[in-house]
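If you want the building blocks of each chain, they are given just below.
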Amino acid sequence: MMFLRNAISRVVSSSSRASRSYHSSQQLFEKLNVEGLASKVNLEGQNVLMRVDLNVPLDKADDFTVTDDTRLRAIVPTTKFLLEKGANVILCSHFGRPKGEIIETGKNGRLTPVVEPLKELLGVDVKKVNDCIGSEAEDAASSLTKGEVLLLENTRFYAGETKNDAALAEGLGKLADYFVMDAFGTAHRAHSSTAGVTEHMKLSAAGYLLAKELKYLKGAVDSPAKPMMAIIGGAKVSTKLPVIESLLEKCDTILLGGGMIFTFYKAQGHDVGASLVEEDMVGLAGELMKKAEEKGVKLMLPTDVVLADKFANDANTAVAKSSDITGEWMGLDIGPESIEAFGKEIAEANTMVWNGPMGVFEMENFAAGTNQVAQMLAKATQERNAVTIVGGGDSVAAINKAGLGDKVSHISTGGGASLELLEGKELPGVAALSDE
């Protein structure tokens, strides 16, 4: 197990922000890591298939320019480590949801847009093929010599990818003898390129990114520095209910924001005007509040909200108490009183997990709640070494937009995977790896 601990230490020690430590998850410690792989096998000249997550956003103007390279930068440490060992790295990823169709461009298309950015980040040439299995991919893989990078085409051009198709997994297995899983964002899915492929490898290991994700997310839940807080936002209660229930077992305080709060207000018997409500979740929201009270967990809802008369940045706005929403007004952000109250709670917590925005942060007039939470978390990390973990696409986008991505302890690259880990579930993409 020494190798995995060393790998975790290497990732975390690179940042002075990670001054608190956790007992990392048992699931992770039982698995081989990339440094352990290199100690067991001479990787020079060997092909290593590396599952990564290259799902980056593209500029809508040209459907080609990468607008946020966070996920590309995240794979650099593991890729460079393997290259330093003389291995050939074969990068494998899906891109969007083409559902078995070959789409030339756009967010569900070919992986061509990431080639040049990867060249710059890795400092080496990146060759690309137009398939992920078959003769073209096999010929390109067999022609690699030492320290080269090959990018395979979008794995979801094959419909069987998401069904853990055995033939696709076998085809990927023909390209290399060793496998490294570094796509945390898809580790919660048993797909051909995340789980099935491991059956065709001599050894399969966790990359640095995966190790770091599991360390922080599992560590935050299993052995947090108390008091522990979760800040949960987003539009729908239905997508966050399981994780909130799970966090009730771990957290001292849970702050709620985003569109989901109106379902809770409805459960309290308040009028919510034209605000978003999941009617079929009202009863469950009420049960959740009761359960929090029974467990002694402080479940805080905003006491005031920013209202709008239409869903637009130029809408007429007003601030109202949560119990005073009427008519056609809709709530689009938490109010100033709530921001101040949340700030006092954040100032007391030592471990904080944030998933989901406080309002419609994409619109400037309704971004204050989200931006203030981002700033508070950054301040807690920088000034008193609180552990702050940001997960979920919208939360990550918000904190990066605020220029604070490097001021928190950890930004998770996986949305669904983050939530499932916080719920305490085992991830198939981790379970499939070789034992240490």
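Whatever comes next refers back to the structure up there.
Residues numbered from 1 in each chain as written. Predicted model: local features only at pLDDT ≥ 70, side-chain atom pairs only at ≥ 80, totals over all residues. Heavy atoms only, no water.

> Whenever I open this one, the environment of alanine 318 confuses me. Can you help?
Within the secondary structure, alanine 318 is located in strand β11 (residues 317-321). For alanine 318, a relative accessible area of 29% corresponds to the partly exposed category. Each C-alpha atom, one on alanine 318 and one on glutamate 148, is 58 Å from the other, the two residues being 170 residues apart in sequence. Non-local contacts of alanine 318, meaning those with residues more than four positions away in its chain, are made with Val305, Val306, Leu307 and Trp329. (Helix = DSSP H or I, 4+ residues; strand = E, 2+ residues; numbered from the N terminus. Buried < 20%, exposed > 50% of the residue type's maximum accessible area, 1.4 Å probe, protein only. Contact = heavy atoms within 4.5 Å.)

> What is the right way to read the state of the cysteines from this model?
A covalent bond between the sulfur atoms of two cysteines is referred to as a disulfide. Following the criterion strictly, the structure yields zero disulfides and no others. Looking at cysteine 132, it has no disulfide partner, and the nearest cysteine sulfur is the one in cysteine 92, 6.4 Å off. (Disulfide = S-S within 2.5 Å.)

> Mind showing me how you'd approach the packing of helix α10 (residues 237-247) against helix α12 (residues 282-295) here?
Any two packed helices are characterised by the angle at which their axes cross and by the distance between the axes. Put simply, α10 and α12 touch, their axes get as near as 11 Å, and they point 15° apart. Judged by the angle between their axes, α10 and α12 are roughly parallel. Classified by chirality, the crossing of α12 by α10 is left-handed. In this structure, α10 contributes Leu241, Ile244 and Glu245 to the contact, and α12 contributes Leu284, Leu288 and Lys291. In terms of residue class, the contact of α10 with α12 is built from four nonpolar, no polar and two charged. (Axes fitted to C-alpha atoms, helices over the stretch in contact; angles between N-to-C directions. Parallel < 35°, antiparallel > 145°, perpendicular 65-115°, else oblique. Left-handed = near helix turned anticlockwise from the far one by under 90°. Nonpolar A, V, L, I, M, F, W, Y, C, P; charged D, E, K, R; others polar.)

> Help me understand the packing of aromatic side chains, please; the structure alone is not making it clear to me.
Each aromatic ring pair is characterised by the separation of its centres together with the angle its planes make. Across all of its chains, the model carries two aromatic pairs by this definition. Here the aromatic rings of phenylalanine 81 and tyrosine 208 are separated by 5.7 Å at their centres, their planes lie at 80°, and the arrangement is edge-to-face. Taken together, the positions of phenylalanine 81 in helix α5 (residues 76-84) and tyrosine 208 in helix α9 (residues 208-222) put the pair 127 residues apart, joining distant regions of the chain. With relative accessibility at 6%, the residue phenylalanine 81 sits in the buried group. Consider the rings of phenylalanine 262 and tyrosine 265, whose centres lie 5.6 Å apart with planes at 80°: the pair is edge-to-face. (Phe/Tyr/Trp six-rings, centres within 6.5 Å; stacked < 30°, edge-to-face > 60°.)

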